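# Summary of the model geometry
If you want the building blocks of each chain, they are given just below.
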Protein chains: 2
Amino acid sequence: MKENRVPEVTIRRLSTYLRYLKELEERGETVVSSAQLAKACGLNAAQVRKDLAYFGEFGIRGVGYYVKDLYEHLKKILGLNREWRLAVIGIGNLGTALLNFRDFLKENYKIVAAFDKYPEKVIGRVAEQMGRPVEVLHIDRLKEVAKERKIDIAILSVPPSEAQKVADLVVEANIRGILNFTPVQLKVPKGIIVKNAYFTTVLDNLVYYLQFRRR
Amino acid sequence: MKENRVPEVTIRRLSTYLRYLKELEERGETVVSSAQLAKACGLNAAQVRKDLAYFGEFGIRGVGYYVKDLYEHLKKILGLNREWRLAVIGIGNLGTALLNFRDFLKENYKIVAAFDKYPEKVIGRVAEQMGRPVEVLHIDRLKEVAKERKIDIAILSVPPSEAQKVADLVVEANIRGILNFTPVQLKVPKGIIVKNAYFTTVLDNLVYYLQFRRR
DNA sequence: GGATGTGAAGTCGTTCACAGCT
DNA sequence: AGCTGTGAACGACTTCACATCC
């Protein structure tokens, strides 16, 4: 084990391993090899071992890794052994879908608030779609509610024109993490962590490689 | 200009440049420097120049790049100078949001079909949310309709348990590109291009860096 | 003068190959 | 015998630094 700086790509792959391990556990598998993990995730076995070695020695030579054990370790490493409290800001179509996104619940994520500039406009539609009443608060209450409900992360699904302004409010509300679904490159103070999840970029990327193929 | 293999990260950044250039154009700016582009996108100026140099010499020494000119070039390079025809498969909450996602229209993307396993179940809700009637077809018609409507790309927003099965149908329907919103590592034949857009991975990543901070 | 384009240097991540443990 | 953990080799991307051209 070496406590070097861990590459961000390694962290991303850890999530992938975690999901596969969960699957293995549900299937009742008890042991997995780096080769098997690598194959399932489309990677090289040495890379899997290197990724894990950043954090300790979890395997047994000649055997492999215990599924349950590795699963728990990775969960802890990723910080998913505690609850993370999310707020969705911007309750348009995407925001509504995110409010409803069940995968968040499987991990230790919990959506504890929803905000919009015009809560009265969206609340009816949202309740309708979700099949239950939903509380959408005015964005002006962000700071107050963030403290009250201990919001850890803001999910930003507002229009691009509002993105920077809302990001500033998020920072102001002492929320340290932003999952940014807008195409805007947010400017935030040091210490605030932003990850971009705008998917047109991914689509553009797909198209680049697609354009050289005949159909 | 060197016609080397272009790194995928470069392609991703090109999308970012494209969006900033559009913004500049709308603001009426005519010229931009690599330093300015770099700053706006949070990168190093040399990197911007290297990225562009993979595809030609678009700049003018001592001046910079003409905004409109570079914009058009990048659009062409990325393959966005023609229309791309999308189908959304799996019309749950996310699928519905994607059907409604206006950003796709700004680029040369056009959603030409929607599929689900139970179209009759979702069609009412979707129409309601979109404020207009929407045609959701049964997944069995994928191959037929793909040919008819010249579908280029399938956007996969089905449950994980169905993902591989549906991906197989997409391949069978001669669609060559998949934007995968499921957490599943899809297995597809060579020549088919898959890009993953599952965002819990990004959230996990955010949390990793967040866990070391006090709140 | 000033910003591009680009070899060369530097940094970072991946893969190899094998020693070491079970 | 088999699979992990890891130095060393390799390859890829980034940044520097400067010659080049407008």
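Right above here is the structure, for reference.
The structure presented is a predicted model; accordingly, all values stated were derived computationally and were not measured.

So, how was this worked out
Residues numbered from 1 in each chain as written. Chains lettered and ligands numbered in written order. Predicted model: local features only at pLDDT ≥ 70, side-chain atom pairs only at ≥ 80, totals over all residues. Heavy atoms only, no water. Axes fitted to C-alpha atoms, helices over the stretch in contact; angles between N-to-C directions. Helix = DSSP H or I, 4+ residues; strand = E, 2+ residues; numbered from the N terminus. Parallel < 35°, antiparallel > 145°, perpendicular 65-115°, else oblique. Contact = heavy atoms within 4.5 Å. Nonpolar A, V, L, I, M, F, W, Y, C, P; charged D, E, K, R; others polar. Phe/Tyr/Trp six-rings, centres within 6.5 Å; stacked < 30°, edge-to-face > 60°. Buried < 20%, exposed > 50% of the residue type's maximum accessible area, 1.4 Å probe, protein only. Lys NZ or Arg CZ within 6 Å of the ring centre and 35° of its normal. Near = heavy atom within 4 Å. Polar contact = N/O pair within 3.5 Å; in protein donor to acceptor, adjacent residues only side chain to side chain. Salt bridge = Lys/Arg side-chain N within 4 Å of Asp/Glu carboxyl O.

### Here we look at the packing of helix 1 (residues 8-26) of chain B against helix 2 (residues 34-41) of chain B
All names here are of chain B. Packing of helix 1 against helix 2 leaves a shortest axis separation of 10 Å and a crossing angle of 110 degrees. Here helix 1 is positioned roughly perpendicular relative to helix 2, judged by the angle of their axes. Here helix 1 contributes Thr 16, Tyr 17, Tyr 20 and Leu 24 to the contact with helix 2, which in turn contributes Gln 36, Leu 37, Ala 40 and Cys 41. For the contact of helix 1 with helix 2, a count of residues per class yields 6 nonpolar, 2 polar and no charged.

### A look at the packing of aromatic side chains
Inspection of the entire model under this criterion finds 18 aromatic pairs over all chains. Residues Phe 55 of chain A and Tyr 208 of chain B carry aromatic rings whose centres are separated by 6.5 Å and whose planes lie at 85 degrees to one another, so their mutual orientation is edge-to-face. Note that Phe 55 of chain A is positioned in the loop between helix 3 (45-53) and strand 2 (59-60) and Tyr 208 of chain B in helix 10 (residues 200-210), a pairing that runs across two chains. Look at Phe 55 of chain A and you get buried, because its relative accessible area is 16%. Three or more aromatic residues joined by ring pairs form one cluster here, namely Phe 101, Phe 104, Tyr 109 and Phe 181 of chain A together with Tyr 198 and Phe 199 of chain B. Looking at Lys 121 of chain A, its charged tip hangs above the ring of Tyr 118 of chain A, at a distance of 4.5 Å from the centre.

### Structural notes on the protein's contact with DNA strand D
Of all residues adjacent to DNA strand D, which total 24 residues, the nearest are Ser 34, Arg 49 and Tyr 65 of chain A together with Arg 13 and Arg 61 of chain B. Atoms of DNA strand D within 4 Å of the protein belong to the sugar or the phosphate in 65% of instances, the rest to bases. The contact in question runs from a phosphate oxygen of DNA strand D to an N or O atom on the side chain of Arg 13 of chain B, over 2.8 Å. The contact in question runs from a base nitrogen of DNA strand D to an N or O atom on the side chain of Arg 49 of chain B, over 3.3 Å.

### Remarks on the interface of chain A and chain B
Each partner contributes to the interface: chain A provides 67 residues, whereas chain B provides 66 residues. Our enumeration of links across chain A and chain B arrives at 2 salt bridges. Across the salt bridge formed by Arg 19 of chain B and Asp 204 of chain A, the nearest N and O atoms sit 3.9 Å from each other. Taken together, chain A and chain B are joined by 19 residue pairs in polar contact (both at pLDDT 80 or more).

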